[in-house]
Amino acid sequence: MSVSGMKKQLHKASQLLNERLMGAEGTKMDDDFLKMEKSVLVLQALLLELVCRTTEFLQPNPADRAKLSVLNTVSRIRGQVKAGGYPQTESILGDCMTHYGHELGTESEFGGALLGVGGALQQVAQARDALDEEAKRSFMEPLQELQDTELKEIRFQLKKLNGRRLDFDYKRRRRGKVSVEEIHHAWEKFITSKESAERSMFVLLQSDVDQLSRLSALVAALLDFHRNAHRILLSLHGNLQARLTAASNKPERRFRPKRIQIRREHIGTIDVYQRLTPPDPSGEFTVVPSRPGSPISCYADSALVLDQPCCRALYSFRPGYHGELSFSAGDVLLLTNQVDANWYEGSLGSQSGLFPVSYVDVLVPLPLP
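Keep in mind that this is a model prediction, so the values were computed, not measured.

(A) Geometry of the overall build of the chain. Summing up its helical and strand segments, the chain has eight helices and eight strands in all. When each of the 369 residues of the chain is scored for burial, the buried share is 32%. Sequence-distant contacts in the chain: of pairs separated by 6 or more residues, those separated by 24 or more amount to 62%. A total of about 23900 Å² of accessible surface is found on the chain, and carbon and sulfur atoms cover 57% of it.

(B) Molecular detail of the sheet that holds strand 4 (residues 310-313). In spatial order, the strands read 7-6-5-4-8; together these five strands make up an open sheet with antiparallel pairing. The open sheet terminates on both sides in strands that have one partner only, identified here as strand 7 (351-356) and strand 8 (360-364). With strand direction ignored, the average angle separating the axes of adjacent strands in the sheet is 40°. With six bridges connecting them, strand 6 (residues 343-348) and strand 7 associate as antiparallel partners. Counted as the bridge partner of E345 is L354 from strand 7.

(C) Quick look at the side chain of K171. Within the fold, K171 resides in helix 5 (residues 109-173). If we skip the residues at most four places from it in the chain, K171 touches V178, E182, I183 and A186.

(D) Seen up close, the nonpolar core. In terms of nonpolar packing, the biggest core is built from 33 residues, with F33, L158, M201 and L204 touching the most fellow members. In terms of residue count, the dominant contributor to this core is helix 5 (15 residues). Dropping the residues within four chain positions of it, F33 is found in contact with L158, L161, K194, A197, E198 and M201. Core analysis: the next-biggest nonpolar cluster, separate from the first, contains ten residues, F317, L325, F327 and Y344 among them.

(E) Inspection of the packing of aromatic side chains at higher detail. Taken as a whole and assessed by the stated rule, the structure comprises nine aromatic pairs. Plain terms: the ring middles of F168 and F190 are 6.1 Å apart, the flat faces sit at 0° to each other, and that makes the pair stacked. Here F168, found in helix 5, pairs with F190, found in helix 6 (residues 180-205); they are 22 residues apart in sequence, far enough to count as distant. For F190, a relative accessible area of 1% gives the class buried. Where F317 meets W343, the ring centres are 6.5 Å apart and the plane angle is 70°; that geometry is what we call edge-to-face. Here the residue F317 occupies a position in the loop between strand 4 and strand 5 (332-338), and W343 occupies one in strand 6, the gap between them amounting to 26 residues. On the accessibility criterion, F317 (8% relative accessible area) is buried.

(F) Seen up close, a negative patch on the surface. Judged by side-chain charge, E145, D148, E150, D208 and D210 come together as a negatively charged surface patch. Those elements that place two or more of their residues in the negative patch are helix 5 and helix 7 (208-249). Mapping E145 onto the fold places it in helix 5.

(G) Spotlight on the pattern of salt bridges. Applying the stated criterion across every chain, the model contains twelve salt bridges. Across the pair R172 and D169 runs a salt bridge whose closest N-O atoms are separated by 3.3 Å. With R172 and D169 both in helix 5, this residue pair falls three residues apart, about one helical turn. Across the salt bridge formed by E182 and K171, the nearest N and O atoms sit 4.0 Å from each other. Note that E182 is positioned in helix 6 and K171 in helix 5, a separation of eleven residues in sequence. Take E182: its relative accessible area is 39%, and that puts it in the partly exposed class.

(H) Expanded view of the side chain of S347. Its place among the elements puts S347 in strand 6. Looking at S347, the relative accessible area reads 16%, which means it is buried. If we ignore the near neighbours within four places in the chain, the residues touching S347 are L325, L333, L334 and S352.

(I) Spatial organisation of the packing of helix 2 (residues 31-58) against helix 5. At a closest axis distance of 10 Å, the pairing of helix 2 and helix 5 adopts a crossing angle of 150°. It follows from the interaxial angle that helix 2 and helix 5 lie roughly antiparallel. Helix 2 and helix 5 meet at a crossing whose hand is left-handed.

Conventions we followed
- Residues numbered from 1 in each chain as written.
- Predicted model: local features only at pLDDT ≥ 70, side-chain atom pairs only at ≥ 80, totals over all residues.
- Heavy atoms only, no water.
- Helix = DSSP H or I, 4+ residues; strand = E, 2+ residues; numbered from the N terminus.
- Buried < 20%, exposed > 50% of the residue type's maximum accessible area, 1.4 Å probe, protein only.
- Contact = heavy atoms within 4.5 Å.
- Areas by Shrake-Rupley, 256 points an atom, 1.4 Å probe, with all protein chains shown as cover.
- Pairing = 2+ DSSP bridges.
- Axes fitted to C-alpha atoms, helices over the stretch in contact; angles between N-to-C directions.
- Core = buried A, V, L, I, M, F, W, Y, C linked by side-chain atoms within 4.5 Å.
- Phe/Tyr/Trp six-rings, centres within 6.5 Å; stacked < 30°, edge-to-face > 60°.
- Patch = residues over 30% accessible without salt bridge, like charges linked within 9 Å, V, L, I, M, F, W, Y side chains within 5 Å.
- Salt bridge = Lys/Arg side-chain N within 4 Å of Asp/Glu carboxyl O.
- Lys, Arg positive; Asp, Glu negative; His and termini not counted.
- Charge placed at Lys NZ, Arg CZ, Asp CG, Glu CD.
- Parallel < 35°, antiparallel > 145°, perpendicular 65-115°, else oblique.
- Left-handed = near helix turned anticlockwise from the far one by under 90°.

Here is the structure:
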């Protein structure tokens, strides 16, 4: 900064202190200018909060918003495409329903319904993603651009105007020690800045049509989302009503427990079920009923001849590491070895591996060592 520039800054600071501490009178702006300045300040505060609140409305979870912002920033730095979108709540719920719908299977009416609802919620989530993109494109980005261009320029002009006003008032207060030419020059610069700031504020405050069109675009995006969501959910509701009617009209099924046959040579197994059905010495097989309360009793259609160590899966198991065996609830697994108190080794079809003891119900135990 030059010496003259530093002196000018000191003069402005001196004038400001005189006004704040000593009650010195500064040059007053006219009422129209003050009214426009107040409106611009209100508009500036409005745009700042409106962009923030719209973001919160579209993406309500602050943790997910922060994570998404960081990922997008990192992607821009690396020159990559935009990171994944905001995790919509409909998508999360839809994933849950779809997962368990597949677990139950389409032969289950409830499982099929879960798949249908999960798919519909995924479509609603896609519609909400489209709402996010459209609201940002047609509403938030134009408002942000308005802040970064016109409002930024007006803030600069008002700051410059205030500085020139302080310079003029300081020189006017120092009349006699400052030449008339300097005072007149400071006045002209002050008036020029005032007219420039006034013109910019006037143009901004007359642009209501632009602001209304942006607000209308937001409402149109919301309307499209709710219209699409209504169409998706209405179709889903009709499908569920049809499923409910079909399930209600199905004939009632009664439970009929089956009996399990076990070869006699597995003496240990006979001892386990001795209290239920005494062994039949005349036959090749020992026949015992399903145990009351046992998970296997729910499989009314099973008719098993168990002639080697085996167990039935109580729950589905998906391997977390290499060497573990995958199976679904209800599968019958052959037992080959007990590794320790927590793990069995066995096979299912052509696959073999380890699986947890707590996931199965032993039908025929391994022979004692």
